[in-house]
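# Secondary and tertiary structure notes
These are the residues of each chain, in order.
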Amino acid sequence: MISDEIMKKKLSGPGNAKYTYHDIQNELLDIIVGMIKNYISKEVMEAEHFVSMVDETKDVSKREQLSIVCYDGAAVMPGHISGVQERLRREVSQAVYVHCYAHRLNLVLVDCVQNVQAAAEFFVTIQKLYKFFSTSLVHEEFLKVQKELEPVNQHIEFKRLSETRWVCQHAACLAVKRTLPAIVTTLKHFVEGDNVHRAIESKGLWILLDQQFVTSLVVLEKLLLMTKQLSDPLQSPDLQLASAEGLVQSVISDLLEMRTEAAWKDLKEPAEDICKKVEICTETVRQSYEAENVTGEYMLKLRLRELRRKLLKNPDQAWPFFVIQQSKA
C-alpha cells in the first residue's frame, strides 16, 4: 500500500507535478481500487473461511447501488427469489445468509418507539430541544447556565438523535437527564426575553417538560443503557457465539425484571426527585398539597403549568380563562 509519506512527497514535488488534473486523479483512484481488491483477494484466498459484508444505497435515479461494506437486512438483501443473498448463493452454494444481530436489535427498538405513543412523543420532544439549543445564542446561554449551576463540572453538550441507530440514543437521553435543571433555567430565561418568537418557542418547550416527559426520560435512559450494553458487544469481531447468547438472555431477564412493582418504584422515585428539583408538578406533590390544604404562589404556579400543558395537548377542550386583578387598598 502507498504510505502517507510517499503520497505527501509526490504532492509536494515540482510545481508542474501536482497530480491534481482530473484524468490523473481518476487514474490514481483506479490504481487504489485495484490495489485494495488485490489485497482483499489475497486475504480471502489464504483464509479457510470468509464473510462477505455488503450494503446498498440509492443513487440520484433511485437505483440501488451495491458496495462491499457491511451486511444488513434491507429488503433488497434477504429476498429468496432475487435478493442479493440468493444471487450470491447461486455462485457459492455453501454461502450462509446472516442478518447482523446488532442491526436486528436496532430494528426492534425502532419498531417499539414508533408503536408506543409516549416513547414517540418523548423523542420528538428531545429532537425539538436539540434543534432549539443548537442555535448559537441559546447554546451560549445554556453553557453559561451550566457553569453557574455546576461550576466544578465540565459542560455537557446535547447529542443529536440518530434515525438509524436507536441504541445510540442513550447518549442523548443521558445528556438531557444530567442537564435538565440547566435546560429549564435556560428556557425560563428566553421566555422572559424580548424576542417574541424565541419566547413563544421556549414557552412551548417548557410546557412539554412535564412529569410524563421526566418519567419517560428516566425509564428510557435505563432501557437504552441495557440495549447499548448488548449492542456494543454484538458489533465486536471477537465476540463468541456462546457469549452472545449469554448477553441476550441477560438483557431479556433484566427487561422482564423492569416490569415488576419493585423496579417501577426504583424508577418512579428518581423521576419524582428530578421533577421536584426543576419544579415540575407531580401527582404525589399534588395529593400532598391537597391533603394539607396548602395554597400559595408555588401551588398556583404548579397548577397553571399543568393547565397550560393540558391546553397545549387538547386545545379544543380549553377551559375559559378569567383574569383576576387584585384590588388596591
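Basis of the calculations
Residues numbered from 1 in each chain as written. Predicted model: local features only at pLDDT ≥ 70, side-chain atom pairs only at ≥ 80, totals over all residues. Heavy atoms only, no water. Helix = DSSP H or I, 4+ residues; strand = E, 2+ residues; numbered from the N terminus. Buried < 20%, exposed > 50% of the residue type's maximum accessible area, 1.4 Å probe, protein only. Areas by Shrake-Rupley, 256 points an atom, 1.4 Å probe, with all protein chains shown as cover. Axes fitted to C-alpha atoms, helices over the stretch in contact; angles between N-to-C directions. Left-handed = near helix turned anticlockwise from the far one by under 90°. Contact = heavy atoms within 4.5 Å. Nonpolar A, V, L, I, M, F, W, Y, C, P; charged D, E, K, R; others polar. Core = buried A, V, L, I, M, F, W, Y, C linked by side-chain atoms within 4.5 Å. Patch = residues over 30% accessible without salt bridge, like charges linked within 9 Å, V, L, I, M, F, W, Y side chains within 5 Å. Salt bridge = Lys/Arg side-chain N within 4 Å of Asp/Glu carboxyl O. pLDDT = per-residue confidence, 0-100. Phe/Tyr/Trp six-rings, centres within 6.5 Å; stacked < 30°, edge-to-face > 60°.

### Regarding the overall build of the protein chain
Summing up its helical and strand segments, the protein chain has 13 helices and two strands in all. A buried classification covers 27% of the 329 residues belonging to the protein chain. Accessible area for the protein chain stands at about 23500 Å²; split by element, carbon and sulfur atoms hold 56% of it.

### Considerations on the packing of helix α5 (residues 117–133) against helix α8 (residues 196–208)
Where α5 contacts α8, the axes come no closer than 11 Å and their chain directions differ by 150 degrees. In terms of crossing hand, the pair formed by α5 and α8 is left-handed. Contacts between α5 and α8 pair Thr125, Lys128, Leu129 and Phe132 from the former with Arg198, Glu201, Ser202, Leu205 and Leu208 from the latter. Class assignment for the residues of the contact of α5 with α8 results in four nonpolar, two polar and three charged.

### Topic: the nonpolar core
Judged by nonpolar contacts, the single largest core of 41 residues is most densely connected at Phe133, Leu180, Ile183 and Phe213. Mapped by element, the contributors of at least two residues to this core are α5, α6 (136–149), α7 (169–191), α8, α9 (211–234) and α11 (261–277). With nine residues, α7 is the largest single contributor of residues to this core. Discounting residues that sit within four places of it in the chain, isoleucine 183 has contacts with Leu129, Phe133, Phe142, Phe158, Val176 and Leu209.

### As for a nonpolar patch on the surface
A cluster of nonpolar residues, Tyr19, Tyr21, Ile24, Leu28 and Ile31, forms a patch on the protein surface that exposes about 420 Å² of accessible area. By secondary structure assignment, the location of tyrosine 19 is in the loop between α1 (4–11) and α2 (22–46). Classification of tyrosine 19 as partly exposed rests on a relative accessible area of 32%.

### Examining the confidence of the model for the protein chain
With 70% of its residues at a pLDDT of at least 70, the protein chain reaches an overall mean of 79. Counting contacts from residues 315–329, a segment whose pLDDT is below 50, to residues more than four positions away or on other chains yields five contacts.

### Some remarks on the packing of aromatic side chains
Applying the stated criterion across every chain yields a total of seven aromatic pairs. Ring centres 6.3 Å apart and planes at 90 degrees place the aromatic pair phenylalanine 132 and phenylalanine 190 in the edge-to-face group. Of this pair, phenylalanine 132 sits in helix α5 while phenylalanine 190 sits in helix α7, placing them 58 residues apart in sequence. Neither residue differs from the other here; phenylalanine 132 and phenylalanine 190 are each classed as buried. Ring geometry for phenylalanine 133 against phenylalanine 158: centres 5.0 Å apart, planes inclined by 25 degrees, an arrangement best described as stacked. With phenylalanine 133 in helix α5 and phenylalanine 158 in the loop between α6 and α7, this pair connects stretches of sequence that are 25 residues apart.

### A few points about the pattern of salt bridges
All told, the structure shown has four salt bridges when counted by the stated rule. Glutamate 46 is the salt-bridge partner of lysine 42, the closest N and O atoms lying 2.9 Å from each other. Taken together, the residues lysine 42 and glutamate 46, both in helix α2 and four residues apart, mark about one turn of the helix. Here glutamate 279 ties to lysine 188 by a salt bridge, and the two come within 3.7 Å at their closest N and O atoms. With glutamate 279 in the loop between α11 and α12 (283–292) and lysine 188 in helix α7, the pair connects residues that are 91 residues apart, well separated along the chain. A residue is classified by how much of its surface remains accessible, and glutamate 279, at 28% relative accessible area, is partly exposed.

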